[in-house]
Amino acid sequence: MTTSSQTTSQNLYPPCFAGADVGASRTKVAVIDADGYMLGYCVDRSGTDFSATADRCLTEALAMADIKKDRIARTISTGYGRKNVSYAQDYRTEISCHGKGCFHYFPFAITIIDIGGQDNKIIKLDENGKRTSFKMNRKCAAGTGAFLEEMSPRLDIPLTEMNGLAAASTNMVKLGSFCTVFSATEVLENIRRGKRVEDIVKGLFFSVISRIREMDAFTEKVVMTGGVVAHNPYLVEMTQELISRPILVPDLPQFTGALGAALYARETFEN
């Protein structure tokens, strides 16, 4: 319901829109203006109270944008916890929102590879931004952010150091299994054999790429998004080498779902 103060504020200033992407691992909120420019954003661990995290992320995104909440004309939510966003007027699927967010940056036929904390998605869009197909991996942690998070303590290194270590590798250790449990055993065995940590980490990165590659074929233009991509740019370099073509990455690859939700909020408000 729109309050009188919201109506007054929206009449005085151009409207803004918000998108909340509540994932199983991280919650992302994006605030955009009427032109689709991202004014503010926030990401935080989703935790056990999705609603409270979504509220907190909106507050921080608004602070970054330097606007008050009553400037938000409409909000759309998406993601695993999309029904837990108290301030959202409607919600959309994460597949739709990731597609819309990516097409905003790259308005042509693309294959989107989204590597999230708990799942992977491959979404194909045509030249008009219409989804032609999608595949999703939710049954196994292999190839996701959770896979790397599980391997980090096995190697006794912070998750934040994995990207630099993989990039420093000179002799990648190729792991035979995609399974998180079996990969952990392989990692320990390679440590016992005296293999260098950086070579093992690069092997883990290669496992992530290989798991995604087996999900579906890619079209000519490929976009990579997600928190894993945001924090591990070397993963993109490795993927480029593997598929022998350049890969496109948006400025904020972790926020394409939240951006897509905000764009849906703008679109439905205008209509």
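The coordinates are above.
Residues numbered from 1 in each chain as written. Predicted model: local features only at pLDDT ≥ 70, side-chain atom pairs only at ≥ 80, totals over all residues. Heavy atoms only, no water.

1. Points about the sheet that holds strand β10 (residues 247–248)
Whether parallel or antiparallel, the strands of a sheet pair through hydrogen bonds between backbone atoms. Condition: For two strands to be treated as a pair, DSSP must find at least two bridges joining them. A run of H or I in DSSP counts as a helix once it spans at least four residues, and a run of E counts as a strand once it spans at least two, with each numbered from the N terminus.
The five strands are arranged β8-β7-β6-β9-β10 in an open sheet whose pairing can be described as mixed. This sheet does not close on itself; its edge strands, each paired only once, are β8 (131–137) and β10. Across four bridges, the pairing between strand β6 (residues 110–115) and strand β9 (residues 222–225) is parallel. Across the sheet, Ile113 pairs through a bridge with Met224, a residue of β9.

2. A word on the side chain of Thr75
To be explicit about the condition: Whether two residues are in contact is decided by their heavy atoms, any of which lying within 4.5 Å being enough.
Topologically, Thr75 is positioned in strand β4 (residues 72–78). When neighbours within four sequence positions are excluded, Thr75 is seen to be in contact with Ala18, Tyr87, Ala88, Gln89, Asp90 and Ala265.

3. Side note on the packing of helix α7 (residues 197–213) against helix α9 (residues 233–243)
Worth spelling out the cut-off: Lines fitted to the C-alpha atoms define the axes, with helices restricted to the stretch that makes contact. Angles between their N-to-C directions range from 0 to 180 degrees. Small angles under 35 degrees read as roughly parallel and large ones over 145 as roughly antiparallel, with 65 to 115 read as roughly perpendicular and the rest as oblique. Each crossing gets its handedness from the near helix: less than a right angle anticlockwise from the far helix is left-handed, clockwise is right-handed. Amino acids outside the nonpolar list (Ala, Val, Leu, Ile, Met, Phe, Trp, Tyr, Cys, Pro) and the charged list (Asp, Glu, Lys, Arg) are all regarded as polar, and Gly is one of them.
Following both chains from N to C, one finds α7 and α9 inclined at 60°, their axes separated by 10 Å at the closest point. In terms of orientation, α7 and α9 fall into the oblique class. Read as a crossing pair, α7 and α9 show a hand that is right-handed. On the side of α7, the interface is formed by Lys202, Phe205, Phe206, Val208, Ile209 and Arg213, while α9 contributes Tyr234, Leu235, Met238, Thr239 and Leu242. Here the contact of α7 with α9 is composed, by residue class, of eight nonpolar, one polar and two charged.

4. Points about the sheet that holds β4
Spatial strand order, β3-β2-β1-β4-β5: five strands in an open sheet with mixed pairing. The outermost strands of the open sheet, each flanked by one partner alone, are β3 (38–45) and β5 (90–91). Looking at chain direction, strand β1 (residues 16–22) and strand β2 (residues 26–32) are connected through six bridges and run antiparallel. Bridging across to β2, Ala18 finds its partner in Val31.

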